[in-house]
Each structure stands twice: as structure tokens, then as C-alpha cells.
Amino acid sequence: MFSFPKPTVYQTPKCFVTYGMMSYPDPNQLPTKAKPWSTLLSQDYIQKIDLILPEELLQLVKGKILDDTARTPSYQRVIMTLGQVLEGDFFTQYIKIGNIMMLSEGKVGIDNVFSIKDGKLMMYLDKETYERAGLVGKPHGAKDARGLRPRWVVEYDLRSPSALHGKKGFDRLVYACKNALNTPTTWLFCNLSKTPSPDPMDQYCPTKYTSNPALVLNMSMKLPPLGIPPATLGDQGRQELEEYTTEIYEWLSLVRLESPRVKLGDDIDPYLSTYTIPGDSSESVEGRLCKISWQGFIPPSWAANTLAELIKTLPPKAWFSFSTTPFTRVAIGNGADFTLMRPPSSPGEYVLWEIRGHE
């Protein structure tokens, strides 16, 4: 477990590294309790996915994943009040019966933010709004770091049998939506189930988006030795494992950023940057990589299915890196960056990095 510099008054982000073996995945029945699938599915809302792999494997991925337009994730942007979400056919068809994800604009700690996932409504409110709403919640954030502007979080299970109009607790929420939480808000909306007909969303005139993949080709790189050194897997190999995983994660991050520091022919003055490719320079090889990115409002289930399809499509000894960045890292502040790498010539093995920033 490695620490990074403390960026805020909240707890220092941590890097958790896992090395393990995974069985051949079935996209129709992925395991939900075993890593790396449990880690990926535990994310709330994914904002970006990056896939890095050798360029010679692109055609395999293109034929199975990129060219299948039915697999491309889509989402909508709509302006609604919270009260409109909780009324009429929208509430019945999308929340009670269907399965959706919704996230409002704003950032926790500054704005009032609402989210809905798996039928659970989360409201992150400032003190004034919380008191006007008259709802029951709990303080949000680290106890010693709430400062002079305390925040509150209120949670409702909208699929509960008691979440019906006419029930006391739910009517209190509806009353709060009419009197305190009545500001129109921009939401991101993703439907994970069949769209009802007629569609209750149409009356709010949503804007539809598709997260088409973006390709970056011809990334000529000097590749470090990506295989896991045998010494790191022994009982006394903790120090070697820390060094290996730290250096490889840094290199993968620079590749994701398309940094000139990892490209062939980089001749920056060492006074400005002392970065070097991990490992022994004699073991480094030249290669061409490509990066495929999806950006939008992406459900974790889509990311997990894509990762499973990727493992089925690529040769078992081929290496790749699959990374996700959640919306909650920015909006709610407790998301975990996910990066998985399958080392070369290591069928079934993986290294998983989780960057967590809990409040």
C-alpha cells in the first residue's frame, strides 16, 4: 500500500496493488465477488476508459469490439428537478421497474449533488439546504475536516415498498423536493434496461450522446520489461513488488497521457525531467502501441463485459492495460481509479492497481 501526497484536507489517497490469477471469463455470467471483477463492478459511474495494447493486435479488437456499434455505450443529458424524477411514469417505469443511473451536475463539498444507482437516491447537501429540506441524514466527510461549512448526506431506497406516494417517509421527501430541492438541475442519465414505450423521458427533451471509441495510433515507444520478476512473488519479495508495480504504473499512466517522456527519440534536458524507462535499459525494446478510449457516462457493467470480451479476443500471451476513471472521483470524491494489466506471456495472471481517495 503506497501513499501519495495529500491533496486536500481529506484522507491521503492510497494505492492498493493486487497480483492474482483469473479464470476464463463468461461475459454472460461474470463473477461478482472475485477480483478484478468485483473491483470494477463496485465503481459507481465511469467517466473514461483507456485500453492500451500493441498495435499489431488492433485488428482483433476492432473486429470484435470496436466495429460492433450495438455495443457502443450511450447516455443522455437532461434538465429536470428532483421532484420530476420522483413522479409519474418516469418514477414508475425507470426507477421502480427499470434500472437506471443518474448523476446531477456539481461537486460535493461545493454544490448540492444528487445521484441515483440501483434504486438508491443519494443527496449531498449543504447545511442550509439540509435544514430547509427537513430530511434525516448524517454528516458527510471526515469528522475533523468539516470546517465551517459542514455537509450532509441523505439516502433513500426508492425501490423499497415504503417508497410510494401516500407513505409518510416518501411524502416528506416529495415535500422537500417541492419546497427546498426545487431547482432545475442538469443530469446525466443512462438506461440499463429496456426503454419503455412511450418513453417518459421524451417530455423533458433530452440530448443524446454516444461514447464512440477514440483511437490513437502509431505510438512509438521504448517498452520496459513488463513481465513480473519471479523475485517479487516470493515470501521476501515485498520490496521488489513495490518497486515493480510503482514503476510500471507510472509508465502506463504516462502512456495514457501520451507523454513525450515515454516516446522514442525523447531528448529532453535532464535538468527539466529525470524520468527514465523502468528496468534495465538493455532489456527495453522498441514497439508501437495504440490507445483506445471511451468517454462519457458509462456503467461499470459495460466496462466489465468489455474487459471479458477483450480477454476472450486477444491471444492468451498478449499483454494489455485496461483503465477506468470514475465520475465519483471528481463529483463525490470517493471513487477508485482502476488499472488492470495482463503481463506478456502470462495467461490468466493480472496486476491490479486501485487508487482510492476516501473522505
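Residues numbered from 1 in each chain as written. Predicted model: local features only at pLDDT ≥ 70, side-chain atom pairs only at ≥ 80, totals over all residues. Heavy atoms only, no water.

### Comments concerning the overall build of the protein
Then, in step 1: Looking only at helices and strands, one finds 9 helices and 16 strands in the protein.
Then, in step 2: Taken against the 2.2 N^0.38 rule, which gives 21 Å for 359 residues, the C-alpha radius of gyration of the protein at 23 Å falls within 12% of a compact globule.
Then, in step 3: When its C-alpha atoms are laid out on the principal axes, the protein stretches across 70 × 50 × 40 Å.
Then, in step 4: Residues counted as buried form 48% of the 359 residues belonging to the protein.
Then, in step 5: Within the protein, contacts between residues at least 6 apart in sequence are counted, and of these 73% link residues at least 24 apart.
Then, in step 6: Summed over all atoms, the accessible surface of the protein reaches about 18,200 Å², with 50% contributed by carbon and sulfur. (Helix = DSSP H or I, 4+ residues; strand = E, 2+ residues; numbered from the N terminus. Rg over C-alpha atoms; globule rule 2.2 N^0.38 Å. Buried < 20%, exposed > 50% of the residue type's maximum accessible area, 1.4 Å probe, protein only. Contact = heavy atoms within 4.5 Å. Areas by Shrake-Rupley, 256 points an atom, 1.4 Å probe, with all protein chains shown as cover.)

### Focus: a nonpolar patch on the surface
Then, in step 1: A cluster of nonpolar side chains, contributed by Tyr19, Met21 and Leu233, occupies part of the molecular surface with about 290 Å² of accessible area.
Then, in step 2: Take Met21: it is sitting in strand β2 (residues 14–21). (Patch = residues over 30% accessible without salt bridge, like charges linked within 9 Å, V, L, I, M, F, W, Y side chains within 5 Å. Salt bridge = Lys/Arg side-chain N within 4 Å of Asp/Glu carboxyl O.)

### Some words on the confidence of the model for the protein
Predicted coordinates in regions of low pLDDT should not be interpreted in detail.
Then, in step 1: Put simply, the protein has an average pLDDT of 87, and 91% of its residues get 70 or more.
Then, in step 2: The low-confidence segment residues 1–10 (pLDDT under 50) makes 26 contacts with residues lying over four places distant or belonging to another chain. (pLDDT = per-residue confidence, 0-100.)

### Focus: the sheet that holds strand β6 (residues 113–117)
Then, in step 1: Across the sheet, 8 strands lie side by side as β8-β9-β7-β6-β5-β10-β4-β11; this open sheet has antiparallel pairing. In the strand order of this sheet, the two ends are held by β8 (138–140) and β11 (207–210), each with one partner. Across the sheet, the axes of successive neighbouring strands diverge by a mean angle of 25°, strand direction being ignored.
Then, in step 2: The sheet contact formed by β8 and strand β9 (residues 151–157) spans 3 bridges and is antiparallel. Along β9, the bridge assignment pairs Pro139 with Trp152. (Pairing = 2+ DSSP bridges. Axes fitted to C-alpha atoms, helices over the stretch in contact; angles between N-to-C directions.)

### So, the pairing of strand β10 (residues 185–191)
Remark: a regular strand shows side chains that alternate across the two faces of the sheet.
Then, in step 1: Of all 7 residues that make up β10, 6 are buried, and the element is covered over most of its length.
Then, in step 2: For strand β4 (residues 74–80) and β10, the ladder comprises 5 bridges, and the chain directions are antiparallel. Its bridge partner being in β10, Val78 is matched across the sheet by Trp187.
Then, in step 3: Pairing between strand β5 (residues 100–104) and β10: 5 bridges, direction antiparallel. Counterpart to Met102 in the pairing with β10 is Phe189.

### Some details on unusual backbone geometry
Then, in step 1: The omega torsion across Lys35 and Pro36 is 5°, close enough to zero to call that bond cis.
Then, in step 2: For the bond running from Ser197 to Pro198, omega is 0°, close enough to zero to count as cis.
Then, in step 3: As for its placement among the helices and strands, Pro198 is situated in the loop between β10 and β11.
Then, in step 4: Located in the positive-phi region is Asp118, a residue other than glycine, with phi close to 55°.
Then, in step 5: Residue placement: Asp118 occurs in the loop between β6 and β7 (120–126).
Then, in step 6: Of the residues examined, Asp118 reaches a relative accessible area of 42% and is grouped as partly exposed.
Then, in step 7: Despite not being glycine, Asn218 shows a phi value in the positive range, around 55°.
Then, in step 8: Within the secondary structure layout, Asn218 lies in strand β12 (residues 214–223).

### Some details on the side chain of Asp199
Then, in step 1: Looking at where Asp199 falls in the secondary structure, it is placed in the loop between β10 and β11.
Then, in step 2: Among buried charged residues, Asp199 stands out as having no salt bridge; its nearest opposite-charge side chain is Lys208, 5.6 Å away.
Then, in step 3: Looking at Asp199, its side chain comes within polar contact range of the side chain of Tyr94, at 2.5 Å. (Lys, Arg positive; Asp, Glu negative; His and termini not counted. Polar contact = N/O pair within 3.5 Å; in protein donor to acceptor, adjacent residues only side chain to side chain.)

### Topic: helix α7 (residues 238–256)
Then, in step 1: Relative to the 27 Å expected for 19 residues at 1.5 Å per residue, α7 spans 27 Å between its end C-alpha atoms, a close match to the ideal helical length.
Then, in step 2: By the burial criterion, the buried members of α7 are Tyr244, Thr245, Ile248, Tyr249, Trp251, Leu252, Leu254, Val255 and Arg256.
Then, in step 3: A positive backbone phi angle near 55° is found at Glu258, which sits one or two residues after α7. (Expected span 1.5 Å × (residues − 1).)

### Considering the packing of helix α2 (residues 58–66) against helix α8 (residues 300–313)
Then, in step 1: Across the interface, α2 lies against α8 with an axial gap of 10 Å and an inter-helix angle of 135°. By the angle between their directions, the pair α2 and α8 is classed as oblique. Considering only the axes of α2 and α8, their crossing is right-handed. Contact with α2, carried on its side by Leu60, Val61, Lys64 and Ile65, involves Thr306, Glu309, Leu310 and Thr313 of α8 and no other residues of that element.
Then, in step 2: Grouping the constituent residues of the contact of α2 with α8 by class yields 4 nonpolar, 2 polar and 2 charged. (Parallel < 35°, antiparallel > 145°, perpendicular 65-115°, else oblique. Left-handed = near helix turned anticlockwise from the far one by under 90°. Nonpolar A, V, L, I, M, F, W, Y, C, P; charged D, E, K, R; others polar.)

### Considerations on the pattern of salt bridges
Then, in step 1: Throughout the structure, instances matching the rule amount to 7 salt bridges.
Then, in step 2: Measuring nitrogen to oxygen at the nearest pair gives 2.7 Å for the salt bridge that ties Arg261 to Asp266.

### Some thoughts on the environment of Thr324
Then, in step 1: Assignment of secondary structure puts Thr324 in strand β14 (residues 320–326).
Then, in step 2: Measuring from C-alpha to C-alpha, the distance between Thr324 and Asp337 comes to 6.0 Å, with 13 residues separating the pair along the chain.
Then, in step 3: Beyond its immediate stretch of four places on either side in the chain, Thr324 contacts Leu40, Gln43, Ile46, Lys48, Ile49, Ala303, Asp337 and Phe338.
Then, in step 4: In this structure the side chain of Thr324 is engaged in a polar contact, spanning 2.9 Å, whose partner is the side chain of Gln43.

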